[in-house]
Protein chains: 2
Amino acid sequence: MERGAKLVVVVRADLAMGKGKIAAQVAHAAVTAALLEQETAAFAAWWRAGQPKVVLRIGSEAALTEIGERAKAAGLPVHAIRDAGRTQVSAGTMTCCAIGPGDTEQIDRVTGALALL
Amino acid sequence: MERGAKLVVVVRADLAMGKGKIAAQVAHAAVTAALLEQETAAFAAWWRAGQPKVVLRIGSEAALTEIGERAKAAGLPVHAIRDAGRTQVSAGTMTCCAIGPGDTEQIDRVTGALALL
C-alpha cells in the first residue's frame, strides 16, 4: 500500500489578516508548490490521493522561518510566500509557507506539534 | 500593454467553515485551476503577472452555481470544488468555485457585483 502524501501550509497567526486574505496567501503557496513540484514522485502520490491539504498556524516570522529550515533539512520541498503588501500587511512580509507535497509521516515529523489554523 | 489576468475564487459564506477550512478549499480550487489550465495563454499571462488571486463571497449554493454557469457561458474556465465532507460540512457540498485564470475585465463582468470575503 502506498504511504500517504499531503501538502501542509503553515500560516502566521500573528498578522492582522482577514479570512479572505489568508485564503489567498494559502492558495498562493499551494499553487506555487504544486506547479514547481509537479514532476516529482511525491507530487504524483499527492495528486492521486486527491491533493490533501492541511492548514496549520504558527505564532511568528522567526518560528515560520525555523520550521521551513527544518523541513528543508528533512529534504522536503519548501515554498515561502512574501506578500506584495498592497493590503493588510507590509510589502515583503512572509505570511505563510508550503511544505510538500511530501510523505505524510515525514511532514508530520516536522509540523506535528503545530495546531490547525 | 498586456491586459491584466487574474484568478477569482468565489466562496460560500453561508457554510459554517473556519478560516483554515476556507483557506484549504480556496487552495484546492486555485491548484485545480492552475494545473488544469496551465497550457492556456490566459494562464501564461496570469503567471507572468505574479498569479494574482481574489477571494470573493457569495450567499448560497444556488448563487454559486449560477455565477459558475455565467462564467462558463462567457468562455471562462470554471472549477467547482465539492468537499469530501470529513470535517465541518456534509460530503459533496459545493464550497467554492475558481473562475479563471482569465482576462481581468472579462472576469469582472461576471463577478464584479460580489464583495471580497
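Being a predicted model, the structure only gives us computed values, none of them experimental. (Residues numbered from 1 in each chain as written. Chains lettered and ligands numbered in written order. Predicted model: local features only at pLDDT ≥ 70, side-chain atom pairs only at ≥ 80, totals over all residues. Heavy atoms only, no water.)

## Looking at the nonpolar core
- With 52 residues, the main nonpolar core has V11(A), V26(A), V11(B) and V26(B) as its most contacted residues.
- Of all the secondary-structure elements, those providing two or more residues to this core are β1 (5-12), α1 (19-36), α2 (41-48) and β4 (94-103) of chain A together with β1 (5-12), α1 (19-37), α2 (41-48) and β4 (94-103) of chain B.
- Non-local contacts of V26(A), meaning those with residues more than four positions away in its chain, are made with V9(A), V11(A), V55(A), C96(A), A23(B) and A27(B). (Core = buried A, V, L, I, M, F, W, Y, C linked by side-chain atoms within 4.5 Å. Buried < 20%, exposed > 50% of the residue type's maximum accessible area, 1.4 Å probe, protein only. Helix = DSSP H or I, 4+ residues; strand = E, 2+ residues; numbered from the N terminus. Contact = heavy atoms within 4.5 Å.)

## Regarding α2(B)
All names here are of chain B.
- Listing the buried residues of α2 in full gives F43, A45 and W46. Mapping the buried residues of α2 onto a view down its axis gives an arc of 165°, with all of them on the same face. Across α2 from its buried face, at more than 90 degrees, point the exposed residues A41 and R48.
- At the C-terminal side of α2, G50 shows a positive phi close to 95°. (Arc of directions from axis to C-beta.)

## Here we look at the side chain of D83(B)
Residues and elements named next belong to chain B.
- If you trace the backbone, D83 turns up in the loop between β3 (78-82) and β4.
- Accessibility expressed as a relative area gives 8% for D83, which makes it buried.
- Once residues within four sequence positions are removed from consideration, D83 is found in contact with K21, Q25, V89, S90, A91, G92, T93 and T95.

## Remarks on the sheet that holds strand β2 (residues 53-58) of chain A
Residue and element names in this part refer to chain A.
- The strand order across the open sheet formed by 4 strands is β2-β1-β4-β3, and the pairing between neighbours is mixed. Whereas interior strands pair on both sides, the edge strands pair on one side only; in this sheet they are β2 and β3 (78-82). In this sheet, neighbouring strand axes are inclined to one another by 20° on average, regardless of whether the strands run parallel or antiparallel.
- Bridge count for β3 against β4 is 5 bridges, and the pairing is antiparallel. Looking at the pairing, A80 lines up with C97 of β4. (Pairing = 2+ DSSP bridges. Axes fitted to C-alpha atoms, helices over the stretch in contact; angles between N-to-C directions.)

## Quick word on the relation of the copies chain B and chain A
- Take chain B, turn it by 180°, move it 0.0 Å along the axis, and it overlays chain A with an RMSD of 0.0 Å. The symmetry that links the two subunits is that of a two-fold axis.
- With an isologous cut-off of 70% or more, the 100% of interface residues of chain B that recur at the interface of chain A puts this contact in the isologous class. (Least-squares fit on C-alpha atoms with pLDDT ≥ 70 in both.)

## A short note on the pattern of salt bridges
- All told, the structure shown has 12 salt bridges over all chains when counted by the stated rule.
- Residue R82(A) pairs with E61(A) through a salt bridge whose shortest N-O separation is 3.7 Å. Taken together, the residues span a long stretch of sequence, with R82(A) in strand β3 and E61(A) in helix α3 (residues 61-73) at a distance of 21 residues.
- For E61(B), the salt bridge goes to R12(B), with nearest N and O atoms at 3.1 Å. Taken together, the residues E61(B) in helix α3 (residues 61-73) and R12(B) in strand β1 connect sequence positions 49 residues apart.
- Residue class for E61(B) comes out partly exposed when judged on its relative accessible area of 28%.
- Linked by salt bridges that have partners in common, R12(A), D14(A), E61(A) and R82(A) make up one network. (Salt bridge = Lys/Arg side-chain N within 4 Å of Asp/Glu carboxyl O.)

## A short note on the interface of chain B and chain A
- With 22 residues of chain B in contact, the opposing surface of chain A contributes 22 residues.
- In this assembly, chain B packs against chain A so that about 1900 Å² is buried in total across both faces, 77% of it on carbon and sulfur atoms.
- When the area that chain B buries against chain A is broken down by residue, the three leading residues are K19(B), V31(B) and L35(B), summing to 27%.
- One can count 0 salt bridges joining chain B with chain A.
- At the junction of chain B and chain A, the tally comes to 5 residue pairs in polar contact (both at pLDDT 80 or more).
- Where the side of chain B that touches chain A is concerned, the elements lending two or more residues are α1, α2 and β2 (53-58) of chain B.
- Ranked by residue count, the leading element in the side of chain B that touches chain A is α1(B), at 13 residues.
- By residue class, the composition of the side of chain B that touches chain A is 14 nonpolar, 6 polar and 2 charged. (Buried area = accessible area lost by both parts, 1.4 Å probe. Polar contact = N/O pair within 3.5 Å; in protein donor to acceptor, adjacent residues only side chain to side chain. Nonpolar A, V, L, I, M, F, W, Y, C, P; charged D, E, K, R; others polar.)

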